[in-house]
Amino acid sequence: MILKLVKVKGDSMSPLFLHGDYLLLTYFPTPTFWMKKGRCIVFYSERYGLLVKRIAKIDKNKKVFWAEGMNAYSVTTEQMGENSFSTVKGTVLWCFQQNKRRKNPIEKQG
Amino acid sequence: MYKLIQKLDGMMDFTEVSAHCDMPCGIYDPITAQISALTVVRMVDMLETHRDDKDPKSLQDRNSVARIIAIKEIHAEKVKHEIRIIWGDFLKQPHFEKYPQLNTIVHDIMLLGSENKQHVNRESAVKLVDKVNEFAEIFWAIKGEKTVKAEAPYPPKLELVYRKV
């Protein structure tokens, strides 16, 4: 398993992740069985670039997923569209918070 | 741990992942509201100078007073508008939990904004500045930034809370 640290830009994943937080990711390759509804991932969108979002829906047969933000300000699931598993660059394992909010911010994800 | 990672980031420049929004976001700063609150005080001070107008019924004096009142009205409303944006778009539940006084401060600003539109009262205008400063202090604490208090470099030269750079 390869680990990677990335920095959050923007607030559409608030209150889970805030602008300026650092995320510890499991990096490529992300096994298919890790893809689970509610899990937070980083993936590459042709339209929006590298995004951190939560998995809203999965089709394991077609190996595609749909993503969602955590609040009303996020681009919508429809805008992000259907995404291939191959676009996933990592799964969020841990969030290092800029301002401590709770013990483990990702423990409540699905 | 966060500070250690932040130092590493400074050296290694970690990749940014976007929690992308459907509108330009992330630009929040209470300084606009603070300057508007100061403007309200300034307008009250300017109105006070018109108490001794030689000919208060002259068209010129009435024009001046009307303009000052209009500016006071605009900036008192602007304070309310700017604070509402930060309260509605930036602040989230964890912030309210950490700073339980936030909602009361915002409500006080709304009331003081209206009061300053209705009256010409310096004490009330200064209270508005103080309350917006209090809000700014919490805002920057949430952002993890330090603040300093310094006298504004223009009249009415009241103390403002600035982000420490």
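This text goes with the structure placed above it.
Residues numbered from 1 in each chain as written. Chains lettered and ligands numbered in written order. Predicted model: local features only at pLDDT ≥ 70, side-chain atom pairs only at ≥ 80, totals over all residues. Heavy atoms only, no water.

Enquirer: Would you mind going over the overall build of chain B with me for this structure?
Expert: The secondary structure content of chain B amounts to six helices and three strands. The proportion of buried residues among the 165 residues of chain B is 40%. In chain B, once contacts between residues fewer than 6 apart in sequence are set aside, the share between residues at least 24 apart is 65%. With the model as given, the accessible surface of chain B reaches about 9600 Å², and the carbon-plus-sulfur share is 55%. (Helix = DSSP H or I, 4+ residues; strand = E, 2+ residues; numbered from the N terminus. Buried < 20%, exposed > 50% of the residue type's maximum accessible area, 1.4 Å probe, protein only. Contact = heavy atoms within 4.5 Å. Areas by Shrake-Rupley, 256 points an atom, 1.4 Å probe, with all protein chains shown as cover.)

Enquirer: I would appreciate a short explanation of the nonpolar core in the present structure.
Expert: For soluble globular proteins, nonpolar side chains are generally found buried alongside one another. In this structure, B:I83, B:L91, B:L102, B:I109, B:L128, B:V132 and B:F135 are the most contacted members of the largest nonpolar core, which totals 33 residues. Of all the secondary structure elements, the ones that give two or more residues to this core are helix 2 (31-49), helix 3 (59-90), helix 5 (102-118) and helix 6 (122-142) of chain B. Considering every element that reaches this core, the biggest residue donor is helix 6 of chain B, with nine residues. Excluding residues that lie within four positions of it along the chain, B:I83 makes contacts with B:A33, B:V106, B:I109, B:M110, B:V132 and B:F135. Core analysis: the second largest hydrophobic core is formed by 14 residues, A:C40, A:V42, A:V92 and A:C95 among them. (Core = buried A, V, L, I, M, F, W, Y, C linked by side-chain atoms within 4.5 Å.)

Enquirer: Just to check I follow, could you spell out the environment of B:Y154 for this structure?
Expert: Residues and elements named next belong to chain B. Inspection of the secondary structure puts Y154 in the loop between strand 2 (147-151) and strand 3 (159-163). On the accessibility criterion, Y154 (33% relative accessible area) is partly exposed. For the pair Y154 and R42, spaced 112 residues apart in the sequence, the C-alpha separation amounts to 9.6 Å.

Enquirer: What am I meant to see in the interface of chain B and chain A here?
Expert: Interfaces are often described in size by the accessible area the parts lose on coming together. At the junction of the two partners, chain B supplies 26 residues and chain A supplies 34 residues. Summed over both sides, the interface of chain B with chain A buries roughly 2600 Å², with 61% coming from carbon and sulfur. The tally of links from chain B across to chain A stands at one salt bridge. For B:D9, the salt bridge is made with A:K7, and the minimal N-O distance between the two is 3.6 Å. At the junction of chain B with chain A, the criterion picks out six residue pairs in polar contact (both at pLDDT 80 or more). For the side of chain B that touches chain A, the elements supplying multiple residues, two or more each, are helix 1 (2-12), strand 1 (15-18), helix 3, helix 4 (93-98) and helix 6 of chain B. Within the side of chain B that touches chain A, the residues separate by chemical class into twelve nonpolar, seven polar and seven charged. By the bridge criterion, four bridges tie strand 1 (residues 2-9) of chain A to strand 1 of chain B in an arrangement that is parallel. Looking across to strand 1 of chain B, one finds that A:V8 is bridged to B:V17. (Buried area = accessible area lost by both parts, 1.4 Å probe. Salt bridge = Lys/Arg side-chain N within 4 Å of Asp/Glu carboxyl O. Polar contact = N/O pair within 3.5 Å; in protein donor to acceptor, adjacent residues only side chain to side chain. Nonpolar A, V, L, I, M, F, W, Y, C, P; charged D, E, K, R; others polar. Pairing = 2+ DSSP bridges.)

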